[in-house]
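So you can see what is in the structure, the chains are spelled out below.
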Amino acid sequence: MNGDPRPELPSDKDLDDMCRQLAAVVDEHGLSVATAESLTAGNIAAHLGKAPNAGSWFCGGIVAYTRAVKHSVLHVPDGPVVCEDAARVMAHSTATLFGATLALAVTGEAGPDTQENVPPGTVWFGVVDHGTAETEKQVFSGDPEAVLGATVEHAIGLLLRHASGRRTPSSTGVV
């Protein structure tokens, strides 16, 4: 995406800045992060891996592009894979597989054609934060490249929001 003349797409610099912020916050709070990606095909993990000290907080990621991998590796139940349940299960499985305190999963349809009965641009996000799952649906507009860019940016933003939304153990009295 770097050097892309399309201003509506996030630049690599913008994404790298977000990842630097995430790195500082997860380091401060002693968090570990893992990802499961379908639609984004490893693009989120690639950005996280470039962040400062990624080797100390980024456990890794799974690119589960096919249904078979989602079902066999991430334990997504039979049925649609672009749905809330799939995103939740993908995030839980990833947190468990990597032992991560914060796991993010994305599954969606970039278009223009779709394999499931959802509009192009439909993306489900799953986040597991210390064992608690949250899901979110977004419908992004534009061509597949724009949907991919918006998905990566939103995903990193979700990780940053979750990581930033906690207090340090010393401020809460909880260890």
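Placed above this text is the structure.
The rules we used
- Residues numbered from 1 in each chain as written.
- Predicted model: local features only at pLDDT ≥ 70, side-chain atom pairs only at ≥ 80, totals over all residues.
- Heavy atoms only, no water.
- Helix = DSSP H or I, 4+ residues; strand = E, 2+ residues; numbered from the N terminus.
- Contact = heavy atoms within 4.5 Å.
- Core = buried A, V, L, I, M, F, W, Y, C linked by side-chain atoms within 4.5 Å.
- Buried < 20%, exposed > 50% of the residue type's maximum accessible area, 1.4 Å probe, protein only.
- Expected span 1.5 Å × (residues − 1).

## As for the environment of A103
Then, number 1: Structurally, A103 is set in strand β3 (residues 102-108).
Then, number 2: Contact partners of A103, with chain neighbours within four places excluded, come to A34, A91, T94, A95, G126, V127 and V128.

## Structural notes on the nonpolar core
Then, number 1: Within the largest apolar cluster, 34 residues are counted, with the highest numbers of intra-cluster contacts made by L22, V33, I44, L48, W57 and L104.
Then, number 2: For this core, the secondary structure elements donating two or more residues are α1 (12-29), α2 (43-49), α3 (54-57), β3, β4 (122-129) and α6 (144-164).
Then, number 3: At nine residues, α6 tops the list of elements feeding residues into this core.
Then, number 4: If sequence neighbours within four positions are ignored, I44 has contacts with T35, E37, L104, V106, V152, A155 and I156.
Then, number 5: Counting 19 residues, the second-largest nonpolar core is a separate cluster that includes C83, A87, A91 and A103.

## Structural notes on α1
Then, number 1: With 18 residues, α1 extends 25 Å between its outermost C-alpha atoms, agreeing within 8% with the 26 Å of an ideal straight helix rising 1.5 Å per residue.
Then, number 2: In this structure, the buried side of α1 is in contact with β1 (33-37), α2, α3 and α6.
Then, number 3: Remark: G30 follows α1 within two positions and exhibits a positive phi of approximately 65°.

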